[in-house]
Amino acid sequence: MSVGLDSRMDQAWGLLMDRSTGSIAVCGKGGVGKTTLMRQLYTKLVGTSDFQNVIWVTVSSQLTLEKIQDDISKSIGLFDVKWVGKSFEEKSELMLNALSSKKFGLFLDDIWGRIDLTRLGVPNPQQQTHTGCKLIFTTRSKDVCREMSAQAILELEELSIEDAWQLFRNKVGVEILRDPRNSELATYLVHRCGGLPILLCTVGRAMSCRKTHEEWMYAVEEILRMEFEGMGADRFLHFCFNSLPHYRIKSCLIHFSLFPEDTTIPKNDLIDFWICEQLLGVKGPRGQTLCLGYNAIDTLIEAGLLEDEGECVKLLDMVRDCALKVAIKSQMFKNPQLLDPTDRETLETVGWISPMGNSIRNLANVPQNIFSFLLNHNPFIMIKGEFSQFMEALTVLDLSNSGVEEVPREISELVSLQYLNLSRTWIEQLPIELMMLGKLKCLNLEYDDQLRVIPKQLISNLTSLQVLKMFRCGFSVEEQEDNILSVRNMDIDPLLSLEHLKVLSITITCDSALQKFFKNPKLSNCTQSLSLEVFWDSSSLDISPLAAMKNLLTLEIHQAEKLKEINGNLHYSELPREGCFERLQKVCLGNCLSLQDLSWVILVPNLTVLMVKCCEDMEEIISDARMGELSEGREDLKPFAKLESLTLESLPNLESIYSKVLPFPCLKKIEVIECSLLRKLPVNSDCAKASEMIIEGEEEWWNDIQWEDDATKTTFVPCFKPLLFL
């Protein structure tokens, strides 16, 4: 827990548990720790069994009501194809019906004005204190607390001098402060940081790399110069920015600040942006630029300027504000524009546009002379051909998670384009003109369910491609000669001509294509995500070639209705002894109706996520007999040693996960839905993560669970959270 927040956490938790308090405001200036405190409340509440839905939405000053509504719907399982096509009022009614019968906790982070919950479709917790529902929000303004009629206001103040000194010392390190001269300067810096945790952390980390007294003196003099220039609290963040070790890393931070506030971005995607915008300073092999990208991210996290969220990163609001000022002052990026691009006059002057998450429905204006255009998370369904008429300099175009249905043929005019993201859209066909984008390095088509046609010639002509993502994109049941996506005649030959390809995610839909894929080391070794779908005629699937794939992170198998066994009678000795499934982390199966077990997953040492759905004949996840065969001569095999999440859904004949107790040292969540014959879980009271585990399922199923002993039952009963279905 963060320094100085312990007592506030206890106070806030007490208010949460008070049934007479329906709404709680956490108020205070920027950087004082509001979001940190609320995250701790959220995590603790998720770990209880009292609430059926615990919802987190980051609001910020730019977010629309529609986006807030969509974010809530995703948390409660309403967001689907039907949801996207409904009006705001229809969505409100759906959400109101879904939440009215539930006890929920709604966390709204960073509110800048009154939000009408009733209009959104959220029952007002203040009027339903009998249900125990809660609204918890953060804001910088006491006026907003009043406008939201908060029943309790928890005002966070700056840290006391004692807590501030402790936090700063933790970041700097004790050894450096043994020099009394440095300790004196540190005392000055702590006072000047004003008790704000974000400043104490970032400045402390920046000073930790300065070992001598002379370096400390120079740094403090630099901060003093900034103070005399009247920069306010920004002077410290500006100092931390100046302390970054390389111009390249500074450019990457400023680039991130151009995204809308509170944007969370996967690290890999962020590095792809940096590569295509040529921010990493080299034109060498992709491996070299990736290393530089990850080094930049790690450096920014270590400096306290980025928040690490596992596979993603997020920029703190105060850091973003400061970085934007630096961007404008230094002109590192030409006139960044972060708003709705509807003003022609504005579009003639900007160089970087990021209208993410707006409500754009028709893109007709002609943006000119821009380099990056981020239109993701917009509902628009039409892009007119003139869109690309004067965009010869455009390098990055992101249309992901939008309602776009068609890519205009005029896209061929974007001759400088290097990054194109069309993932999670409604596009049905890629125009052959896309082949004219000779500089394109990254093409993302993931989760394009409606996509039916990708011309073969198109892919083979994109000779500069380094990243091609086609994971879970659509397929065509109609046989077409010039279409990569034909189910029974899928052709991966066009991929073989991509000599610069380094990252591939792909869906394969027939055995002939799979065998050709396995025989090509280049393709298999650069594949990070692989989905095997609609193998209608296969009863057995030999996945032993997957074991040697060096970079495979995700494997999914879907709609293989006749599939009875995976790997057949293959013995472990026939699999590679070194690096077997070395990087594989996520395995998902769905609609494999005849499959009876999934024992081969014990060979995946780093498996963190396992999802098994709609496998009617599956009786056990790990079979004792198969376990013996696969583990012969390997006493060190430890099933599910790193598993964090296990989902079992619609498995009517499943009776066992495994017959023996497993320690589950990392397991955080088990979700069981419509598995009525599963009466035992492979756990006992000694399971390593028992106190932190969440088990979700139907109450009727939970009441019939047979426990190892009373101690096990006592240990796991508090972990259960009932699932309610609409």
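Nothing here was measured: the structure is a model prediction, and the numbers come from that model. (Residues numbered from 1 in each chain as written. Predicted model: local features only at pLDDT ≥ 70, side-chain atom pairs only at ≥ 80, totals over all residues. Heavy atoms only, no water.)

Concerning the environment of Leu678
With respect to the secondary-structure elements, Leu678 resides in the loop between β26 (669-673) and β27 (694-697). For Leu678 and Trp702, which are 24 residues apart along the polypeptide, the C-alpha to C-alpha distance reads 9.7 Å. Not counting the four nearest positions on each side in its chain, Leu678 is found in contact with Leu648, Leu654, Glu655, Ser656, Ile657, Val672, Trp701 and Ile705. (Helix = DSSP H or I, 4+ residues; strand = E, 2+ residues; numbered from the N terminus. Contact = heavy atoms within 4.5 Å.)

Quick word on the pattern of salt bridges
Close approach of charged atoms lets side chains of opposite charge pair. The tally for this structure, following the rule as stated, stands at 17 salt bridges. Among the salt bridges present, the one from Glu433 reaches Arg409, with a minimum N-O distance of 3.1 Å. Taken together, the residues span a long stretch of sequence, with Glu433 in the loop between β15 (419-421) and β16 (442-444) and Arg409 in the loop between β14 (396-398) and β15 at a distance of 24 residues. Overall, the relative accessible area of 21% leaves Glu433 in the partly exposed class. Classification of Arg409 by relative accessible area gives exposed; the value is 53%. With a shortest N-O distance of 3.5 Å, Lys669 and Glu696 are connected by a salt bridge. Within this pair, whereas Lys669 is found in strand β26, its partner Glu696 is found in strand β27, the two being separated by 27 residues in sequence. (Salt bridge = Lys/Arg side-chain N within 4 Å of Asp/Glu carboxyl O. Buried < 20%, exposed > 50% of the residue type's maximum accessible area, 1.4 Å probe, protein only.)

A few points about empty space enclosed by the protein
Scanning the model with the defined rule gives seven cavities of 30 Å³ or more in all. Volume-wise, the largest cavity comes out at about 60 Å³. Every residue lining the largest cavity is listed: Asp269, Asp272, Tyr419, Leu420, Cys442, Leu443, Asn444, Val467 and Lys469. Looking at the lining of the largest cavity, the elements with two or more residues in it are α14 (267-276), β15, β16 and β17 (467-469). The element that contributes the greatest number of residues to the lining of the largest cavity is β16, accounting for three residues. (1 Å grid on protein atoms, 1.4 Å probe; cavity = no way out; pocket = protein on both sides within 12 Å on 5 of 7 lines; lining within 4 Å. Points joined across faces, edges and corners; volume = space filled by probe spheres on them.)

What to know about the pairing of strand β18 (residues 503-508)
Across the six residues of β18, six count as buried, placing the element largely inside the fold. Alternating residues of β18 divide into Val503, Ser505 and Thr507 and Leu504, Ile506 and Ile508, and every residue in both groups is buried. As judged from the three bridges shared by β17 and β18, these two strands associate in the parallel manner. Residue pairing in the sheet places Lys469 in a bridge with Ser505 of β18. Taken together, the five bridges between β18 and strand β19 (residues 527-533) define a ladder with parallel strand orientation. For Ile508, the partnering residue across the bridge sits in β19 and is Leu532. (Pairing = 2+ DSSP bridges.)

So, the sheet that holds strand β8 (residues 312-315)
Reading across from one edge, β6-β8-β7 is the order of the three strands in this open sheet, with antiparallel pairing throughout. One side of each edge strand has no neighbouring strand; the edge strands of this open sheet are β6 (264-266) and β7 (306-309). Taking each pair of neighbouring strands and ignoring which way they run, the sheet shows an average axis angle of 30°. Sheet topology note: the β7/β8 ladder contains four bridges and is antiparallel. (Axes fitted to C-alpha atoms, helices over the stretch in contact; angles between N-to-C directions.)

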